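Listed here are the chains, written in short residue letters.
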Amino acid sequence: MTDTDSEKNSGEPTPSPYDASWIQSSLFTLSHIKSPTVLLVGEPALRIVCEPININDETFLVDKYRLHRALFDFRAKNGFGRSIAAPQIGVNQRFLAINMGKGPFTLINPTIIYKSAELISLWDDCMSFPFIMVRKQRHASVGVKFVDDQGKEHIWENLDTATSELLQHEIDHLDGILALDEPFGKDGIVSREVYERNRECFDKQVDYVIESTI
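So, a few notes on the structure that sits alongside this text. (Residues numbered from 1 in each chain as written. Predicted model: local features only at pLDDT ≥ 70, side-chain atom pairs only at ≥ 80, totals over all residues. Heavy atoms only, no water.)

1. Structural notes on the overall build of the protein
At step 1: A count of helices and strands for the protein gives five helices and eight strands.
At step 2: Reading the protein from its N terminus to its C terminus gives the helix and strand order α-α-β-β-β-β-β-β-β-α-β-α-α.
At step 3: Per-residue burial over the protein gives 50% buried out of 214 residues.
At step 4: Contacts in the protein between residues at least 24 apart in sequence constitute 72% of all its contacts with a sequence separation of at least 6.
At step 5: Per element, the accessible surface of the protein, about 10600 Å² overall, is 51% carbon and sulfur. (Helix = DSSP H or I, 4+ residues; strand = E, 2+ residues; numbered from the N terminus. Buried < 20%, exposed > 50% of the residue type's maximum accessible area, 1.4 Å probe, protein only. Contact = heavy atoms within 4.5 Å. Areas by Shrake-Rupley, 256 points an atom, 1.4 Å probe, with all protein chains shown as cover.)

2. A look at unusual backbone geometry
At step 1: Phi at Asn-158 takes a positive value of approximately 45°, unusual for a residue other than glycine.
At step 2: Relative to the helices and strands, Asn-158 is located in the loop between strand E7 (153-156) and helix H3 (161-174).
At step 3: The class for Asn-158 is exposed, based on a relative accessible area of 56%.
At step 4: Although it is not a glycine, Asp-187 sits at a positive phi angle of roughly 55°.
At step 5: Relative to the elements of secondary structure, Asp-187 occurs in the loop between H3 and strand E8 (189-191).
At step 6: Accessibility expressed as a relative area gives 58% for Asp-187, which makes it exposed.

3. Focus: the environment of Gln-205
At step 1: Structurally, Gln-205 is set in the segment after helix H5 (199-203).
At step 2: A C-alpha to C-alpha distance of 8.2 Å links Gln-205 and Leu-122, two positions 83 residues apart in sequence.
At step 3: Setting aside anything within four residues of it in sequence, one finds Gln-205 in contact with Ser-121, Trp-123 and Arg-135.
At step 4: Among the polar contacts listed, one links the side chain of Gln-205 to the side chain of Arg-135, at a separation of 2.6 Å. (Polar contact = N/O pair within 3.5 Å; in protein donor to acceptor, adjacent residues only side chain to side chain.)

4. Some points on the side chain of Arg-135
At step 1: As for its position among the elements, Arg-135 is in strand E5 (residues 132-139).
At step 2: As a buried residue without a salt bridge, Arg-135 has its nearest oppositely charged side chain in Asp-187, at a separation of 6.4 Å.
At step 3: The contacts of Arg-135, once residues within four sequence positions are left out, are Leu-122, Trp-123, Glu-182, Pro-183, Phe-184, Gly-185, Lys-186, Asp-187, Gly-188, Gln-205 and Val-206. (Lys, Arg positive; Asp, Glu negative; His and termini not counted. Salt bridge = Lys/Arg side-chain N within 4 Å of Asp/Glu carboxyl O.)

5. Some remarks on helix H2 (residues 58-78)
At step 1: End to end, H2 covers 31 Å across 21 residues, agreeing with the expected 30 Å (1.5 Å per residue, within 8%).
At step 2: The complete set of buried residues in H2 reads Phe-60, Asp-63, Lys-64, Leu-67, His-68, Arg-69, Ala-70, Leu-71, Phe-74 and Arg-75.
At step 3: On its buried face, H2 is in contact with strand E1 (83-85), strand E2 (95-99) and strand E3 (104-115).
At step 4: Gly-79 sits one or two residues past H2 and shows a positive phi near 80°. (Expected span 1.5 Å × (residues − 1).)

6. Observations concerning a nonpolar patch on the surface
At step 1: Nonpolar side chains collect at one region of the surface, where Leu-40, Val-41 and Phe-131 lie side by side and expose about 250 Å² of accessible area between them.
At step 2: Judged by its relative accessible area of 35%, Val-41 is partly exposed. (Patch = residues over 30% accessible without salt bridge, like charges linked within 9 Å, V, L, I, M, F, W, Y side chains within 5 Å.)

7. Examining the sheet that holds strand E6 (residues 142-147)
Consider a sheet: its strands pair through backbone hydrogen bonds, and that pairing is either parallel or antiparallel.
At step 1: Read from one edge to the other, the open sheet built from five strands follows the order E1-E2-E3-E6-E7, with strand pairing classed as antiparallel. With one partner strand each, in any of the chains shown, E1 and E7 form the two edges of the open sheet. The sheet shows a mean angle of 35° between the axes of neighbouring strands, direction not considered.
At step 2: Two strands pair when backbone bridges link them, and E3 and E6 are joined in this way by five bridges, in the antiparallel orientation. Paired with Tyr-114 across the strands is Gly-143, a residue of E6.
At step 3: Of the strands in this sheet, E1, E2 and E3 touch H2, which is tilted by about 35° from E2. (Pairing = 2+ DSSP bridges. Axes fitted to C-alpha atoms, helices over the stretch in contact; angles between N-to-C directions.)

8. A few points about the pairing of E5
At step 1: Counting buried positions over the eight residues of E5 gives six, a clear majority of the element.
At step 2: Sheet topology places strand E4 (residues 119-124) next to E5; six bridges connect them, and they run antiparallel. Pairing of Asp-124 across the sheet is with Val-134, part of E5.
At step 3: Of the pairings in the sheet, the one linking E5 to E8 comprises three bridges and is antiparallel in character. Bridge pairing in E8 links Ile-132 to Ser-191.

Any functional reading would require information that these geometric values do not contain.
Written out as structure tokens, the structure is:
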């Protein structure tokens with residue numbers, strides 16, 4: 001029996017990423033952590049396929065806080081940003097720092113285990129090229145298996161579009177794939193400045209528009 005089976009049988013399914021129970025209070029105190037540099041597109045480290053994590057590795061614990069500090073600082077400076085993958089700070093390991101608006105938490109060794117047949121289009125951005133918008137086509141819903149900070153495995157099934165498109169983007173990072181690699185349709189790459197000046201027009205070109213979590 002899997003952890004998910006036992007949770008379903010007990011009537012307590014794995015909570016969604018919007019549930020406050022995921023939030024790690026220790027990640028709110030990051031002042032002692034030096035803010036790492038977020039790597040920009042072109043850096044070779046962004047193209048490496050990352051290695052699975054042993055959560056008992058002391059270097060992982062340090063890098064986890066560094067990744068969350070990078071996300072915290074980016075959100076504070078730019079007013080957007082929901083997640084960052086470890087390779088974006090030069091760490092070749094499979095984990096993500098996430099903040100969907102309620103607070104920070106970590107996904108370790110995440111794997112997509114389900115993709116819906118339904119597809120959506122959207123304008124996507126990235127902390128490694130914050131000056132560019134890319135029109136993407138992604139699955140409207142996915143299921144994800146991952147490990148939490150206590151080493152417990154979880155499965156999120158049939159996730160909403162906001163979480164699904166985000167996790168597809170971030171898990172691609174762990175495999176050395178960037179959103180820029182496969183823009184959707186003609187003229188699928190624009191500068192953020194141009195996008196912001198003509199946002200209403202550009203948003204009419206897609207099925208889904210990312211909402212701010214700040």
